[in-house]
Structure formats: structure tokens, C-alpha cells
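Breakdown of the fold
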Amino acid sequence: MAPSNVPPKVDESASLNRRGDERIPMIGPCLYQLARFPDNETVDFSGGYALSLNTSRGGILLLMAQTPEKRQVFELHVPSPTKGESTVKLVEACWTRELLFGAADKVYLVGLRSLFEPPASIS
């Protein structure tokens with residue numbers, strides 16, 4: 001396996017503003033489904049599992065096998081650390097970075113912003 005191509009460094013001042021919230025490591029599988037609209041009559045669904053890497057108050061960092069479009073909104077099922085079930089979140093893709101492994105294998109780092117999370121059920 002060849003080492004990945006690391007993306008060039010970004011302007012640190014821009015990163016400080018974007019990453020103001022504390023990041024909490026949260027490594028685990030997340031289920032997602034993307035919808036694409038290739039024309040006015042067709043909807044293509046694709047999905048699978050992504051790996052969450054960390055979370056903050058307003059977002060999540062994922063490692064995915066496919067890349068969503070910038071500003072694409074989709075549903076993400078995140079395992080709850082305290083319960084045995086998953087939490088459903090509506091998220092928006094803010095940025096992606098392609099990582100290469102060897103000649104043909106690609107994965108993507110995807111920064112997501114949480115748009116909506118249903119309130120916890122009252123027991």
C-alpha cells in the first residue's frame with residue numbers, strides 16, 4: 001500500500017475560526033444514504049457505512065468511500081455512546097478532501113455540519 005497524498009496545508013487563520021469548538025474523538029460506523037438527481041425524472045440513491053472520526057457541538061468529521069456534493073443535505077445514523085441505538089441527524093456536507101491509497105483506492109474526509117437532530121425521546 002502506497003502512502004496517501006496529503007492535501008496541501010490550508011490557511012491556519014481560516015481553520016481557527018472554523019474549528020472553534022472542541023473536537024471529541026468518536027470513532028465508529030455511521031449509516032448514510034445520498035440522493036443524486038441526474039435529470040428531472042430520476043433519483044439515484046447510494047449509501048453505505050462511513051467511519052466517524054470526531055464530533056463537535058455543531059458537526060462531524062467522516063471518512064467515506066464516496067463523496068457527497070458540497071452543501072448536499074442527507075440523513076446520517078450515528079451510534080449513541082450512551083444508548084444501544086443510533087441517533088438520526090440531518091447533516092450538510094461543508095467540505096471534502098480526497099485521500100489516495102495506492103493507484104486506484106480513494107477515500108474522502110468529509111466535514112459535516114449538523115442541521116437537525118430530533119429531540120431525545122422522553123422515557
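Up top is the structure.
Here is a short report on the structure shown in this document.

Reading guide: rules and limits
Residues numbered from 1 in each chain as written. Predicted model: local features only at pLDDT ≥ 70, side-chain atom pairs only at ≥ 80, totals over all residues. Heavy atoms only, no water. Helix = DSSP H or I, 4+ residues; strand = E, 2+ residues; numbered from the N terminus. Buried < 20%, exposed > 50% of the residue type's maximum accessible area, 1.4 Å probe, protein only. Areas by Shrake-Rupley, 256 points an atom, 1.4 Å probe, with all protein chains shown as cover. Pairing = 2+ DSSP bridges. Axes fitted to C-alpha atoms, helices over the stretch in contact; angles between N-to-C directions. Core = buried A, V, L, I, M, F, W, Y, C linked by side-chain atoms within 4.5 Å. Contact = heavy atoms within 4.5 Å. Salt bridge = Lys/Arg side-chain N within 4 Å of Asp/Glu carboxyl O.

1. Digging into the overall build of the protein chain
A count of helices and strands for the protein chain gives one helix and six strands. Within the span of the protein chain, comprising 123 residues, buried residues form 27% of the whole. Total accessible area computed for the protein chain in this model is approximately 8,600 Å², and 56% of it derives from carbon and sulfur atoms.

2. Describing the sheet that holds strand E3 (residues 59–64)
Hydrogen bonding along the main chain pairs the strands of a sheet, whether they run parallel or antiparallel. With antiparallel pairing, six strands are arranged side by side around a closed barrel as E1-E2-E3-E6-E5-E4. Across the sheet, the mean angle from the axis of one strand to that of its neighbour is 40°, orientation sign disregarded. Sheet topology note: the strand E5 (residues 86–101)/strand E6 (residues 105–116) ladder contains 11 bridges and is antiparallel. By the bridge assignment, Leu90 is partnered in E6 with Phe116.

3. A word on the pairing of strand E4 (residues 73–79)
Covered by surrounding structure in E4 are Phe74, Leu76 and Val78 only, the residues Val73, Glu75, His77 and Pro79 on the alternate face being uncovered. Sheet topology note: the E4/E5 ladder contains seven bridges and is antiparallel. The residue bridging Pro79 from the neighbouring strand is Ser86, located in E5.

4. Remarks on the nonpolar core
Core analysis: the largest hydrophobic core is formed by 15 residues, its most contacted members being Tyr32, Leu62, Met64, Phe74, Leu76, Val110 and Leu112. Of all the secondary-structure elements, those providing two or more residues to this core are strand E1 (24–39), E3, E4, E5 and E6. Core analysis: the second largest hydrophobic core is formed by five residues, Leu61, Trp95, Leu99 and Val107 among them.

5. Here we look at the environment of Val110
Mapped onto the secondary structure, Val110 falls in strand E6. Val110 has contacts with Ile60, Leu61, Leu62, Met64, Pro68, Ala93, Trp95 and Thr96, leaving out every residue within four places of it along the chain.

6. Let's talk about the environment of Leu76
Residue placement: Leu76 occurs in strand E4. For Leu76, a relative accessible area of 0% gives the class buried. Linking Leu76 and Tyr49, residues 27 residues apart in sequence, is a C-alpha distance of 9.6 Å. If we ignore the near neighbours within four places in the chain, the residues touching Leu76 are Cys30, Leu31, Tyr32, Ile60, Leu62, Thr87, Val88, Lys89, Val91 and Leu112.

7. Concerning the pattern of salt bridges
Using the criterion set out here, one finds four salt bridges in the structure. One salt bridge in this structure joins Glu69 and Arg36, with 3.4 Å as the shortest N-O distance. Taken together, the residues span a long stretch of sequence, with Glu69 in the loop between E3 and E4 and Arg36 in strand E1 at a distance of 33 residues. Here Glu92 and Arg113 are joined by a salt bridge, their closest N and O atoms 2.3 Å apart. Here Arg113 lies in strand E6 and Glu92 lies in strand E5, a separation of 21 residues in the sequence. On the basis of relative accessibility, which here comes to 6%, the residue Glu92 falls in the buried class. Residue Arg113 is classed as partly exposed on the basis of its relative accessible area of 39%.

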